[in-house]
Amino acid sequence: MAKEEAIEMEGTVTETLPNTHFRVQLDNGHILIAHISGRMRKNYIRILMGDRVTVQLTPYDLTKGRIIFRNKDSKEVKEAKDAKEAADAKEAADKAKAEE
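Residues numbered from 1 in each chain as written. Predicted model: local features only at pLDDT ≥ 70, side-chain atom pairs only at ≥ 80, totals over all residues. Heavy atoms only, no water.

Engineer: Would you explain the overall build of the protein in this entry?
Structural biologist: When you go through the protein residue by residue, the secondary structure sums to two helices and five strands. The order of helices and strands in the protein, counted from the N terminus, is β-β-β-α-β-β-α. Of all 100 residues assigned to the protein, the portion counted as buried reaches 22%. Within the protein, counting contacts between residues at least 6 apart in sequence, those at least 24 apart form 49% of the total. Roughly 7600 Å² of accessible area belongs to the protein as shown, and the carbon and sulfur atoms make up 54% of that amount. (Helix = DSSP H or I, 4+ residues; strand = E, 2+ residues; numbered from the N terminus. Buried < 20%, exposed > 50% of the residue type's maximum accessible area, 1.4 Å probe, protein only. Contact = heavy atoms within 4.5 Å. Areas by Shrake-Rupley, 256 points an atom, 1.4 Å probe, with all protein chains shown as cover.)

So this is what it looks like as structure tokens:
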């Protein structure tokens, strides 16, 4: 009998729990408890609240999962993007004011 494929979904870390467990809210609204995969532990990849992660779920228990990837579009990138948008908006307002 073949082993069933794992389901991969994306979500956001909402809470840090003991023993490298995290509460993750998936994009579809489900909340589950996930632990870090061994490869992420080995390479000392840090996961913080608010990080976007890819989670592997087993079809047998959809309330538990394994974090297999921390997406690059995390808080630092989001903050930099927001700062750039704010600067662009200020520049556009200054330009409109100068045209008057």
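Continuing now.
Engineer: It is not clear to me how the pairing of strand S3 (residues 31-36) should be interpreted in this structure. Could you clarify?
Structural biologist: Regular strands have side chains that alternate between both faces of the sheet. Burial along S3 is one-sided: the residues Leu32, Ala34 and Ile36 are buried and none of Ile31, Ile33 and His35 is. Sheet topology note: the strand S2 (residues 21-26)/S3 ladder contains five bridges and is antiparallel. When the sheet's bridge partners are listed, Val24 is paired in S3 with Leu32. Linkage of S2 to S3, two consecutive antiparallel strands, is achieved through a turn of four residues, within which Gly29 is found at a positive phi near 100 degrees. Relative to strand S5 (residues 64-70), S3 runs parallel, the two being bridged by four bridges. Residue Ile36 lies in a different strand from S5, and its bridge partner there is Ile67. (Pairing = 2+ DSSP bridges.)

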